[in-house]
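Take a look at the letters that make up each chain.
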Amino acid sequence: MSNFPSSFDKDDLLKCARGELFGEGNAQLPEPPMLMMDRITDCSADGGAHGKGYIEAEFDISPDLWFFDCHFPGNPIMPGCLGLDGLWQLTGFNLGWRGWQGRGYALGVGEVKLKGMVRPDRKMLTYKIDFTKAIQTRRLTMGVADGIVEADGEVIYEVTGMKVALSES
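Residues numbered from 1 in each chain as written. Predicted model: local features only at pLDDT ≥ 70, side-chain atom pairs only at ≥ 80, totals over all residues. Heavy atoms only, no water.

1. Concerning the nonpolar core
- The biggest cluster of nonpolar side chains holds 43 residues, and the ones touching the most others in it are Ile 40, Phe 93, Leu 125 and Tyr 127.
- Elements that contribute at least two residues to this core include exactly helix H1 (10–17), strand E1 (39–44), strand E2 (54–60), helix H2 (66–70), helix H3 (80–97), strand E5 (124–136), strand E6 (141–151) and strand E7 (154–167).
- If one sorts the elements of this core by residue count, H3 sits on top with 7 residues.
- Discounting chain neighbours no more than four positions away, the residues touching Ile 40 are Ser 6, Ser 7, Phe 8, Leu 13, Ile 55, Glu 56, Ala 57, Leu 90 and Phe 93. (Core = buried A, V, L, I, M, F, W, Y, C linked by side-chain atoms within 4.5 Å. Buried < 20%, exposed > 50% of the residue type's maximum accessible area, 1.4 Å probe, protein only. Helix = DSSP H or I, 4+ residues; strand = E, 2+ residues; numbered from the N terminus. Contact = heavy atoms within 4.5 Å.)

2. Thoughts on the side chain of Thr 141
- Mapped onto the secondary structure, Thr 141 falls in strand E6.
- Thr 141 sits in the buried class, given a relative accessible area of 9%.

3. Re the packing of aromatic side chains
- Using the criterion set out here, one finds 5 aromatic pairs in the structure.
- A centroid spacing of 5.0 Å and a plane angle of 85° characterise the contact between Phe 4 and Phe 22, whose relative ring orientation is edge-to-face. Remark: Phe 22 occurs in the loop between H1 and E1 and Phe 4 occurs in the segment before H1; sequence separation between them is 18 residues.
- On the basis of relative accessibility, which here comes to 27%, the residue Phe 4 falls in the partly exposed class.
- Aromatic ring contacts, followed pair by pair, group Phe 4, Phe 8, Phe 22 and Phe 93 into a single cluster.
- Between the NZ or CZ atom of Arg 98 and the centre of the ring of Trp 100, over which it lies, the distance is 5.3 Å.
- One residue, Arg 98, lies across the ring of Phe 131, its end atom 4.9 Å from the ring centre. (Phe/Tyr/Trp six-rings, centres within 6.5 Å; stacked < 30°, edge-to-face > 60°. Lys NZ or Arg CZ within 6 Å of the ring centre and 35° of its normal.)

4. Comments concerning the environment of Val 155
- Counting through the fold element by element, Val 155 comes out in strand E7.
- Each C-alpha atom, one on Val 155 and one on Ile 135, is 28 Å from the other, the two residues being 20 residues apart in sequence.
- If we skip the residues at most four places from it in the chain, Val 155 touches Lys 115, Ile 148, Val 149 and Glu 150.

5. Considering the layout of surface pockets
- Roughly 240 Å³ of internal volume is contained in the largest pocket.
- Together, 15 residues line the largest pocket, and Gln 28, Trp 88, Gln 89, Gly 104 and Tyr 105 are the ones closest to its centre.
- Put simply, the parts of the chain that give the lining of the largest pocket at least two residues each are H3 and strand E3 (103–108).
- The element best represented in the lining of the largest pocket is H3, accounting for 5 residues.
- Its residues assigned to classes, the lining of the largest pocket shows 8 nonpolar, 5 polar and 2 charged. (1 Å grid on protein atoms, 1.4 Å probe; cavity = no way out; pocket = protein on both sides within 12 Å on 5 of 7 lines; lining within 4 Å. Points joined across faces, edges and corners; volume = space filled by probe spheres on them. Nonpolar A, V, L, I, M, F, W, Y, C, P; charged D, E, K, R; others polar.)

Take a look at the structure:
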């Protein structure tokens, strides 16, 4: 079990981005503006639909977010790839939260369904990730998960078979 709390505020996430939360050379979140969440509201190693782990986070949306100015001028929409990146960020965070060592990197995703858009009038995104596998062996540390992104309670992205690994090299 993790020695870390199950929820984290923005200051904690920034510590993770600087390598201060899980230790140097271990899972890190990106710094703003690529940090795609403001807080983690729940993290577990044995919860979720499959009993393999769960993580949930929130991202406050405001019209002045950097991507609205450039994607697309006159028709601002958050790029879907940023929502997917947020899901990958959280999957890697959960692996580091478990105490597993190594730097995180995305390996891929099985399927992505984009069902809605994030426009500047939205207020909050909620990420929900259920692990289907969490593997730590001598040679491999990896999480496989399914996830959704909700905008103000409406499911707008669904992913299955998302993979993130930790590597000590």
